[in-house]
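One letter stands for each residue in the lines below.
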Amino acid sequence: MTTMNRILMTGASGQIGSELLKVLRRKHGGPNVLATDIQVLAAAELRDSGPFEFLNVTDAKRLDDLLGSYRIDTIYHLAAILSATGEKNPHLAWDVNMNGTYNVLEAARNRKLVRVYIPSSIAAFGPETPRKNTPQETVLRPKTMYGLTKVAGELLAEYYVRRFGVDVRGSRFPGIISHETLPGGGTTDYAVAIFYEAVKYKRYTCFLGEDTSLPMMYMPDCLKSVLDLMDADFAGLRHHADFNLAAMSFTPAVLAAEIRKHIPEFSIDYKPDFRQAIADSWPMSIDDTAARREWGWKPDYDLAAMTKDMLDVLSRRKAAGTLNY
Ligand code: NAD
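Per chain, residue numbering runs from 1 following the sequence as it is written. Under the rules for a predicted model, residues below a pLDDT of 70 receive no local features and side-chain atom pairs below 80 are neither given nor counted, while totals for whole chains, interfaces and linings still include all residues. Values reported for side chains reflect all heavy atoms of the structure, with hydrogen atoms and water molecules removed beforehand.

Asker: A description of the sheet that holds strand S5 (residues 115-117) should follow, citing residues and the corresponding values.
Answerer: The parallel open sheet is built from six strands, whose spatial order is S3-S2-S1-S4-S5-S7. Unpaired on one side and paired on the other, strand S3 (52-54) and strand S7 (168-169) mark the two borders of the sheet. Summarising the sheet, strand S2 (residues 33-37) and S3 pair through three bridges and their orientation is parallel. Bridging across to S3, threonine 36 finds its partner in glutamate 53. Contacts were defined at the residue level, with two residues in contact if any of their heavy atoms lie within 4.5 Å. Orientation is described by axes fitted as lines to C-alpha atoms, over the contacting stretch for helices, and by angles from 0 to 180 degrees between their N-to-C directions. Where helices and strands are cited, they refer to DSSP runs of H or I of at least four residues and of E of at least two residues respectively, numbered from the N terminus. Packing against the sheet, helix H5 (residues 90-110) makes contact with strand S4 (74-77), S5 and S7, and its axis sits at approximately 170° to S4. Any two strands with at least two DSSP bridges between them are considered paired.

Here is the structure:
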């Protein structure tokens with residue numbers, strides 16, 4: 001296993017970054033993991049456990065300066081504008097996602113970094129992609145600006161692997177469900193909001209229709225996937241920054257029924273908005289054979305285990321008066 005102990009994370013204040021930061025600081029030591037974002041870290045625990053610097057990922061010079069002054073050898077690049085926010089502001093999504101990824105890859109090449117992590121998304125797929133058990137190698141014609149930047153990011157990462165020998169890795173995350181930091185404007189955000197509203201109000205109005213099946217994953221599996229892929233032997237990887245990943249798939253109606261097993265009075269109604277069209281262009285389920293074969297991917301949480309854990313955590317927080325929603 002390679003020792004990687006000088007890390008810079010972009011987008012560290014976000015839904016995934018804030019939790020990955022905690023795990024990486026535990027693994028590599030707080031002072032060795034530099035958190036960066038355009039917003040401060042919300043949790044005092046994260047602010048106190050290691051360094052933070054403001055970094056807009058479109059600013060290549062500032063990125064390079066930080067890499068030098070902190071003697072960074074590894075980047076986790078999580079800053080991005082997500083699908084729903086990206087459809088409201090496609091120009092910003094292009095700028096942040098394309099230039100951010102390009103700047104990170106260029107910095108990795110120039111500074112000969114050891115390793116880079118750049119996540120992709122199920123948003124890389126589009127309506128022409130087979131929607132059930134979506135294969136690793138398939139049609140990539142997304143219709144959102146976010147998805148388009150994810151496909152370009154995957155292709156650019158692969159180019160940097162082959163052309164410049166940069167070690168870049170990443171997976172196509174499904175919707176990520178978590179209870180630490182609220183999601184930042186994606187199409188799968190309903191699957192987080194539903195838990196908070198179930199605990200707080202015992203009812204929820206869903207912005208997707210009841211039969212909209214989407215691939216999802218619980219945060220502990222997401223974090224495990226990042227650590228496992230980053231620790232995998234590079235020589236054993238045939239793919240690099242575009243691994244399909246699966247854990248569970250469900251519709252809002254199925255999730256509501258699972259929540260009702262714990263909160264029988266829970267009720268849901270449906271008012272689909274512009275995000276329905278985005279969801280309808282994405283896969284319902286994913287074939288992740290390549291990730292299983294090449295680096296041993298295997299999720300721990302299914303729908304029942306994830307639902308129980310989410311409700312346990314949020315109910316405890318409600319009882320303590322710290323739900324913050
Ligand atoms: P998020 O929206 O919660 O966090 C993104 C962070 O990036 C935010 O803290 C934001 O302040 C920061 N940011 C925005 N613009 C920036 C800029 N110009 N410079 C620096 N920072 C900037 O997103 P997330 O859910 O944590 O996503 C992390 C990564 O995972 C992204 O690449 C995203 O596309 C990918 N992903 C997430 C999901 C999901 O369900 N959360 C699913 C698939 C892929």
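Asker: Could you give an account of the sheet that holds strand S8 (residues 171-173), naming the residues involved and the relevant values?
Answerer: Read across the open sheet, the three strands follow the order S6-S8-S12; overall the sheet is parallel. Pairing within the sheet leaves two strands with one partner each, and these edge strands are strand S6 (120-121) and strand S12 (243-244). Here S6 runs beside S8; their pairing, made up of two bridges, is parallel. Within S8, the residue paired with serine 121 across the bridge is phenylalanine 173.

Asker: Can you break down the side chain of threonine 251 residue by residue, with the values?
Answerer: Within the secondary structure, threonine 251 is located in the loop between strand S13 (248-250) and helix H9 (252-260). With a relative accessible area of 14%, threonine 251 lands in the buried category. Every residue in contact with threonine 251, bar those within four places of it in the chain, is listed here: Tyr190, Glu210, Asp211, Thr212 and Ser213. Categorising residues by exposure relies on relative accessible area from a 1.4 Å probe, with only protein chains included: less than 20% of the type maximum marks a residue as buried, more than 50% marks it as exposed, and the intermediate range marks it as partly exposed.

Asker: An account of the packing of aromatic side chains is needed here, citing residue identities and associated values.
Answerer: Pairing of aromatic rings covers Phe, Tyr and Trp, the last counted by its six-membered ring, and requires centre-to-centre distances within 6.5 Å; plane angles under 30 degrees mean stacked, over 60 mean edge-to-face, and any other angle means tilted. According to the stated counting rule, one finds eleven aromatic pairs in the structure shown. Members of the aromatic cluster, each reached through a chain of ring pairs, are Tyr76, Tyr117 and Phe173. Across the ring face of phenylalanine 164, the terminal group of arginine 109 is positioned such that the distance to the ring centre comes to 4.8 Å. Between the NZ or CZ atom of arginine 275 and the centre of the ring of phenylalanine 207, over which it lies, the distance is 3.5 Å. A ring has a charge above it when a Lys NZ or an Arg CZ is no more than 6 Å from the ring centre and no more than 35 degrees off the ring normal.

Asker: For the pattern of salt bridges, give the residues involved together with the corresponding values.
Answerer: By salt bridge we mean one thing: a side-chain nitrogen of Lys or Arg within 4 Å of a carboxyl oxygen of Asp or Glu. A complete count under the given rule lists 19 salt bridges for this structure. Residue glutamate 106 pairs with arginine 109 through a salt bridge whose shortest N-O separation is 2.8 Å. Pair noted here: glutamate 106 and arginine 109 are both in helix H5, with a separation of three residues, about one helical turn. Here arginine 169 ties to aspartate 167 by a salt bridge, and the two come within 2.8 Å at their closest N and O atoms. Judged by its relative accessible area of 8%, aspartate 167 is buried. Taken together, the shared-partner salt bridges in this structure form one network comprising Arg115, Asp167 and Arg169.

Asker: Give a description of the domain arrangement of the chain that names residues and reports values.
Answerer: As assigned here, the chain comprises domain 1 (7-175 + 217-244) and domain 2 (177-216 + 248-320). Placing the centre of domain 1 and that of domain 2 at their C-alpha centroids yields a distance of 23 Å. Every contact between the two is made by 43 residues of domain 1 and, on the other side, 41 residues of domain 2. Buried area is understood as the total, over both parts, of accessible area removed when two parts are fitted together, assessed with a 1.4 Å probe. With both chains or domains summed, domain 1 and domain 2 bury close to 3,600 Å², and 59% of this area falls on carbon and sulfur atoms. Contact with domain 2 buries area across many residues of domain 1, yet Gln15, Arg131 and Tyr218 alone supply 23% of it, more than any other trio. Of the charged contacts, one joins lysine 224 and aspartate 300 as a salt bridge, the two residues approaching to 3.4 Å between their closest N and O atoms. The domain limits used here are those given by an automatic or database domain assignment.

Asker: Explain helix H3 (residues 60-69) to me, and be specific about the residues and the numbers.
Answerer: Because the α-helix completes a turn every 3.6 residues, residues three or four places apart line up on one side. For H3, the complete set of buried residues consists of Leu63, Leu66 and Leu67. Along the axis of H3, the buried residues cluster in a sector spanning 100°; they form a single face. Facing away from the buried side of H3, by more than 90 degrees, are the exposed residues Lys61 and Ser69. The secondary structure elements touched by the buried residues of H3 are strand S1 (7-10), S2, S3, S4 and H5. Looking at the residues trailing H3, positive phi occurs at arginine 71, about 50°. Taking the helix axis as origin, the arc is that swept by the directions to the C-beta atoms.

Asker: So, the nonpolar core: which residues are in play, and what are the values?
Answerer: Core analysis: the largest hydrophobic core is formed by 40 residues, its most contacted members being Ile177, Tyr190, Phe195, Phe250, Leu255 and Met306. Ranked by residue count, the leading element in this core is helix H7 (residues 190-200), at nine residues. Built from parts of two domains, this core gets at least three residues from each of domain 1 (7-175 + 217-244) and domain 2 (177-216 + 248-320). Discounting residues that sit within four places of it in the chain, leucine 255 has contacts with Tyr190, Ala191, Ile194, Phe195, Phe250, Leu303, Met306 and Thr307. One finds Ala12, Ala232, Phe243 and Trp297 within the second-largest nonpolar core, a separate group that totals 33 residues. Each nonpolar core is a collection of buried residues, namely Ala, Val, Leu, Ile, Met, Phe, Trp, Tyr and Cys, held together in the definition by side-chain atoms within 4.5 Å.

Asker: So, the packing of H9 against helix H12 (residues 303-319): which residues are in play, and what are the values?
Answerer: Where H9 contacts H12, the axes come no closer than 10 Å and their chain directions differ by 60°. Overall, the two elements H9 and H12 adopt an arrangement that is oblique. For the pair H9 and H12, the crossing hand works out as right-handed. Residue-level contacts link Val254, Leu255, Glu258 and Ile259 of H9 to Leu303, Ala304, Met306, Thr307 and Leu311 of H12. When residues are grouped by polarity, Ala, Val, Leu, Ile, Met, Phe, Trp, Tyr, Cys and Pro land in nonpolar, Asp, Glu, Lys and Arg in charged, and all others, Gly among them, in polar. Among the residues making up the contact of H9 with H12, the classes are represented as seven nonpolar, one polar and one charged. Roughly parallel means an angle under 35 degrees; roughly antiparallel, over 145; roughly perpendicular, 65 to 115; everything else is oblique. Should the near helix be turned anticlockwise from the far one by less than a right angle, the crossing is termed left-handed; should it be turned clockwise, right-handed.

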